[in-house]
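# Fold and contact review
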Amino acid sequence: MQISVDLTLSPLQNDYEAHIINFIKALRASKFTVLENPLSTQIFGEFDELMPFLNDAIKTSFENTDISVLTMKVVKTNRSEYEPHF
């Protein structure tokens, strides 16, 4: 089953930017489709492959910060090709 995941990482510390950059670079280095915008990062792929990858990437990010908040939305479809029709 294909999924789309919207992620927003918010490290609660002064050097937050480096942690966000490292997290996004880890997502980019994967085999999955990754799209970015100023507010969040989206990643797309097969559920059974993507979720274990995200589990590891999130754990690594959390291990490298004191306190961090991750907001995640999961949609049961691959929306990577979406284009507005208006």
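Reference entry: report on the structure contained in this document. Predicted, not measured: the structure shown is a model, and the values here were computed from it.

### Some words on the side chain of Gln-42
With respect to the helices, strands and loops of the structure, Gln-42 is situated in strand 3 (residues 41–46). Take Gln-42: its relative accessible area is 16%, and that puts it in the buried class. Here the side chain of Gln-42 touches Ser-40 through a polar contact of 2.8 Å, side chain to side chain. For Gln-42, the contacting residues outside a window of four places in its chain are Val-5, Asp-6, Thr-33, Val-34, Leu-35 and Asn-37.

### Considering the packing of helix 1 (residues 16–28) against helix 2 (residues 47–63)
Where helix 1 meets helix 2, the closest approach of the two axes is 10 Å, and the angle between their N-to-C directions is 160°. When the interaxial angle is binned, helix 1 and helix 2 end up roughly antiparallel. Every pair of crossing elements has a handedness; the one defined by helix 1 and helix 2 is right-handed. Mapping the contact onto sequence places Phe-23, Ala-26 and Leu-27 in helix 1 and Phe-53, Leu-54, Ala-57, Ile-58 and Ser-61 in helix 2. Grouping the amino acids of the contact of helix 1 with helix 2 by side-chain chemistry returns 7 nonpolar, 1 polar and no charged.

Rules and cut-offs
Residues numbered from 1 in each chain as written. Predicted model: local features only at pLDDT ≥ 70, side-chain atom pairs only at ≥ 80, totals over all residues. Heavy atoms only, no water. Helix = DSSP H or I, 4+ residues; strand = E, 2+ residues; numbered from the N terminus. Buried < 20%, exposed > 50% of the residue type's maximum accessible area, 1.4 Å probe, protein only. Polar contact = N/O pair within 3.5 Å; in protein donor to acceptor, adjacent residues only side chain to side chain. Contact = heavy atoms within 4.5 Å. Axes fitted to C-alpha atoms, helices over the stretch in contact; angles between N-to-C directions. Parallel < 35°, antiparallel > 145°, perpendicular 65-115°, else oblique. Left-handed = near helix turned anticlockwise from the far one by under 90°. Nonpolar A, V, L, I, M, F, W, Y, C, P; charged D, E, K, R; others polar.

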